[in-house]
Amino acid sequence: MLKKIFIIMSLIVSAFALTINSSYALDTWELNDDGYHYYTQNLQFGNSITIAVDPSEVLEIFDYNLNIYVVPKSTSGIAQNQVKITFDYDDVPGYFGLYYEYADKSYLAISFVSNQAVEIKVRKLSDITNIPDDDLLDVSELPQTKNEGNFLMDVGHVNFSVQDRKVLITITYFGTHKIVYDMGIQTDMSLFNSTEAYYVNLSGDDPQIFINNSDNYYLKDMLSSDSKTFVKHTIWNLKTNELTHVNEYKAYTYIKQNDEGVLIAYFYTDTFVMDRILTAELEYTSRIRTDKFGFITEYTDWNRRQFNYTSDDALSYLNLSVDWNLLVPGWGLHSLGINPLTAVTIPRIDVVNFSNMTNYNITQNEVKTYFESLYDSFENNIQEDSYKLFAFALSDGALIDTGIVKMQTEIYNNKNNPEDPHNFQIFHIVYETNGHIYQTVGEDIDVVVDTDPDISTPDNIFSALEQLLKMFTDFQQFMSSLNWNDTLTIVIAVVVGLIILIIIKSLETVISVIKMIFGAIKLVFMGILNLVKFIFSIPGKLFKFLKFLFIPKKKNKYKRSYRK
């Protein structure tokens, strides 16, 4: 009975205490022998306190997870000179929590099983020069770090305290290690507002600090044994006091100009591991090229196209590559009742499967030769399935190929000017690695784009002379492809050549000649077509003729009818 009364009284007292929200005046700072002033106030359950320091001083609060003092900073990384601490109920029943609130952050710092008063762990640094020399290390005395694949054991956590151009570095790695640096006038001191920084010294003689310069808290994942991402960062060599800013990583994209299949961009980097790309936002510039009769080429205008797809999306297209004889009735596959126009589906985003490259417009040897020229370890990485080659299915490639007319998609690439806004560009990629989701943005990628071959004609406007020379070149290629053993082909070529030599005077006459050639070729083709039809009809006509000669017609017999 007495126990129940005690519990009820405790709850009443606790409830009453919640109605009191005291803000204690900051009047007790004690200077410790480490150069910091510590606040020694105890905070009662149900109360809160706001602690503030002068702008010239550095406020630090205790991080119970890392077991170190840290500077309270806003989400944007701005150090705060004021913090509100509240001792209240935890979200978990039966527990009590200490809450921190500053700038745009409010969170539970630690939980307790008792609501007895807790000691506030807050300190301030008024003057870095007040830190005793015995508490500071020389750079040669900084500890060596391990490399055992355990991030928490392999790196040290770093906290910065800045005063004018002095920086106090506090490294927590099997103890606390402090060192002070004087930075030059050219140093941007906002660099030390970073919320994520780690200490690494694998050799024992090369102490470095990696500082995250981005809004993505991925630095830990970047420094892990198998790097999973990239963030803009600064490498601070503590031995030489040099700052190296790393703002982008290298990646390569290879695109084969499409004469068959689908237009695909092959993307690869070994800066970090990507198990699966979930979404990609890309842009590229393309046009349609049409070849007629082997020596006439026409182009559409260049168009800027957007690629914004997920790994679940697919590109469906028709395999329109057919031989000319498929167009002749009763010939080839059509005579067998087989339809050569088959629908093909390929994922918009996929990992290249080197054991089955049927749907790709490139051979295994071609893609390996290209990337092995850039990465010595490419073959080994692919075999170990560590770094993957990804395929972005951009659009239809070969639209039609009848042997007479061929249409295909071409992609623009100005290799001489990588900054050309018409080039292939990557804006945003979201990917998954080891079950975690990451993102990388275009401004972080130094992507090198290669196309085979490079096509960077800014427009489709040619001078009359350029058009004439191009027609002659295409016609020469057409002539070299002909079978000169065919008498009919020789006759056509001679006639066409004579016509060109006689009436070629200007671009307009050349165009007229080409129209005449088209007409002549059309007549020849139709003649061949009719001849083929006639040949195929001969057996039927011959059968009917023989049937007429040798099989007599049956005479009809009529029955006479009588009337009764």
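Residues numbered from 1 in each chain as written. Predicted model: local features only at pLDDT ≥ 70, side-chain atom pairs only at ≥ 80, totals over all residues. Heavy atoms only, no water.

J.: Honestly, the overall build of the protein chain in this entry has me stumped. Any pointers?
T.: Within the protein chain one finds nine helices and 32 strands. Of the contacts formed within the protein chain by residues at least 6 apart in sequence, a portion of 63% connects residues at least 24 apart. Of the roughly 32300 Å² of accessible surface on the protein chain, a fraction of 55% belongs to carbon and sulfur atoms. (Helix = DSSP H or I, 4+ residues; strand = E, 2+ residues; numbered from the N terminus. Contact = heavy atoms within 4.5 Å. Areas by Shrake-Rupley, 256 points an atom, 1.4 Å probe, with all protein chains shown as cover.)

J.: Is there a simple way to think about empty space enclosed by the protein in this case?
T.: Picture a little ball the size of a water molecule; that probe, rolled over the atoms, points out where space is still empty. The tally for this structure, following the rule as stated, stands at three cavities of 30 Å³ or more. Reported here for the second largest cavity is a volume of approximately 40 Å³. Residue lining of the second largest cavity: Y268, T269, F272, M274, K388 and F390, and that is the complete set. For the lining of the second largest cavity, the per-class residue count stands at four nonpolar, one polar and one charged. (1 Å grid on protein atoms, 1.4 Å probe; cavity = no way out; pocket = protein on both sides within 12 Å on 5 of 7 lines; lining within 4 Å. Points joined across faces, edges and corners; volume = space filled by probe spheres on them. Nonpolar A, V, L, I, M, F, W, Y, C, P; charged D, E, K, R; others polar.)

J.: Before we go on, may I ask you to explain the packing of aromatic side chains in this structure?
T.: We describe a pair of aromatic rings using the distance from one ring centre to the other and the angle between the two ring planes. Scanning the entire structure with this criterion turns up 33 aromatic pairs. Pairing Y268 with Y375 gives two aromatic rings, centres 4.9 Å apart and planes at 75°, and the pair type is edge-to-face. In this pair, Y268 is assigned in strand 20 (residues 262-268) and Y375 in the loop between helix 5 (364-372) and helix 6 (378-384), connecting sequence segments 107 residues apart. The same class applies to Y268 as to Y375, namely buried. Look at F307 and Y309: their rings are 4.9 Å apart centre to centre, the planes differ by 70°, and that puts the pair in the edge-to-face class. A residue is classified by how much of its surface remains accessible, and Y309, at 25% relative accessible area, is partly exposed. Among the aromatic residues, those joined into a cluster by ring pairs are Y252, Y254, Y268, Y370, F371, Y375 and F378. Lying over the aromatic face of F62, K121 brings its terminal NZ or CZ to 4.5 Å of the ring centre. Over the aromatic face of Y36 sits the side chain of R123, whose NZ or CZ is 3.7 Å from the ring centroid. (Phe/Tyr/Trp six-rings, centres within 6.5 Å; stacked < 30°, edge-to-face > 60°. Buried < 20%, exposed > 50% of the residue type's maximum accessible area, 1.4 Å probe, protein only. Lys NZ or Arg CZ within 6 Å of the ring centre and 35° of its normal.)

J.: Please clarify how the environment of A393 should be interpreted in this entry.
T.: With respect to the secondary-structure elements, A393 resides in strand 27 (residues 390-396). A residue is classified by how much of its surface remains accessible, and A393, at 2% relative accessible area, is buried. Measuring from C-alpha to C-alpha, the distance between A393 and A314 comes to 8.3 Å, with 79 residues separating the pair along the chain. The residues contacting A393, other than those within four sequence positions of it, are L263, I264, F307, L315, I346, P347 and R348.

J.: What's the story with the nonpolar core in this structure? I'm lost.
T.: General note: in soluble globular proteins, nonpolar side chains tend to be found buried as a group. If you look at the biggest cluster of nonpolar residues, it comprises 36 residues, and the most contacted ones within it are I277, L282, F307, F392, L394, F424 and I429. Listing elements by their share of this core, those giving two or more residues are strand 15 (197-200), helix 3 (219-223), strand 19 (249-256), strand 20, strand 21 (276-292), strand 27, strand 30 (425-433) and strand 32 (445-452). Per-element tally for this core: the top contributor is strand 21, with four residues. If we ignore the near neighbours within four places in the chain, the residues touching I429 are F267, I277, T279, A280, F392, Y438, Q439 and T440. By size, the runner-up hydrophobic cluster in this structure holds 33 residues, among which are Y64, V122, L125 and L168. (Core = buried A, V, L, I, M, F, W, Y, C linked by side-chain atoms within 4.5 Å.)

J.: Help me understand the pattern of salt bridges, please; the structure alone is not making it clear to me.
T.: Where side chains of opposite charge bring their charged atoms close, a pairing between them can arise. On inspection of all chains with the given rule, the structure shows 15 salt bridges. Residues R287 and E410 are paired through a salt bridge, measuring 3.1 Å at the closest nitrogen-oxygen approach. In this pair, R287 is assigned in strand 21 and E410 in strand 29 (residues 405-411), connecting sequence segments 123 residues apart. Just as R287 is buried, E410 falls in that class too. Residues E410 and R289 are paired through a salt bridge, measuring 3.3 Å at the closest nitrogen-oxygen approach. Highlighted residues: E410 in strand 29 and R289 in strand 21, separated in sequence by 121 residues. On the basis of relative accessibility, which here comes to 3%, the residue E410 falls in the buried class. Via salt bridges that share partners, R287, R289, D291 and E410 belong to a single interconnected network. (Salt bridge = Lys/Arg side-chain N within 4 Å of Asp/Glu carboxyl O.)

J.: Can you walk me through the pairing of strand 21 in this structure?
T.: Look at any regular strand and the pattern is simple: side chains alternate between the two faces of the sheet. Here strand 21 lies mainly inside the structure; 12 of its 17 residues are buried. One ladder, built from seven bridges, connects strand 21 with strand 30; its direction is antiparallel. When the bridges of strand 30 are listed, R276 appears paired with E432. Two strands pair when backbone bridges link them, and strand 21 and strand 23 (residues 303-310) are joined in this way by eight bridges, in the antiparallel orientation. Of the residues in strand 23, the one forming a bridge with T285 is R304. Bridge analysis of strand 21 against strand 22 (residues 296-299) gives four bridges, and the strand direction is antiparallel. Along strand 22, the bridge assignment pairs D291 with T297. (Pairing = 2+ DSSP bridges.)

J.: How do you make sense of the layout of surface pockets when you look at a structure like this?
T.: Put simply, the second largest pocket is a space of about 740 Å³. If you trace the second largest pocket, you find 28 residues lining it, with D63, L66, V70, T195 and E196 closest to the centre.

J.: Where do I start with the sheet that holds strand 4 (residues 48-52) in this structure?
T.: Across a sheet, strands are paired by hydrogen bonds formed along the backbone, either parallel or antiparallel in direction. Strands sit in the order 4-7-8-9 across an open sheet of four strands; the sheet is antiparallel. Either end of the sheet is taken by a strand with one partner, and the two such strands are strand 4 and strand 9 (105-112). Between one strand axis and the next, the sheet turns through 20° on average, direction left out of account. One ladder, built from five bridges, connects strand 4 with strand 7 (residues 82-89); its direction is antiparallel. The residue of strand 7 that forms the bridge with S48 is T86. (Axes fitted to C-alpha atoms, helices over the stretch in contact; angles between N-to-C directions.)

J.: Where do I start with the sheet that holds strand 5 (residues 58-63) in this structure?
T.: Strand order in the open sheet made by the five strands is 1-2-11-5-6, with antiparallel pairing throughout. Where the open sheet ends on each side, the last strands, each with one partner, are strand 1 (29-31) and strand 6 (68-70). Geometrically, the sheet is characterised by an average inter-axis angle of 35° between neighbouring strands, direction not taken into account. Bridge analysis of strand 1 against strand 2 (residues 37-39) gives three bridges, and the strand direction is antiparallel. Paired with E30 across the bridge in strand 2 is Y38.

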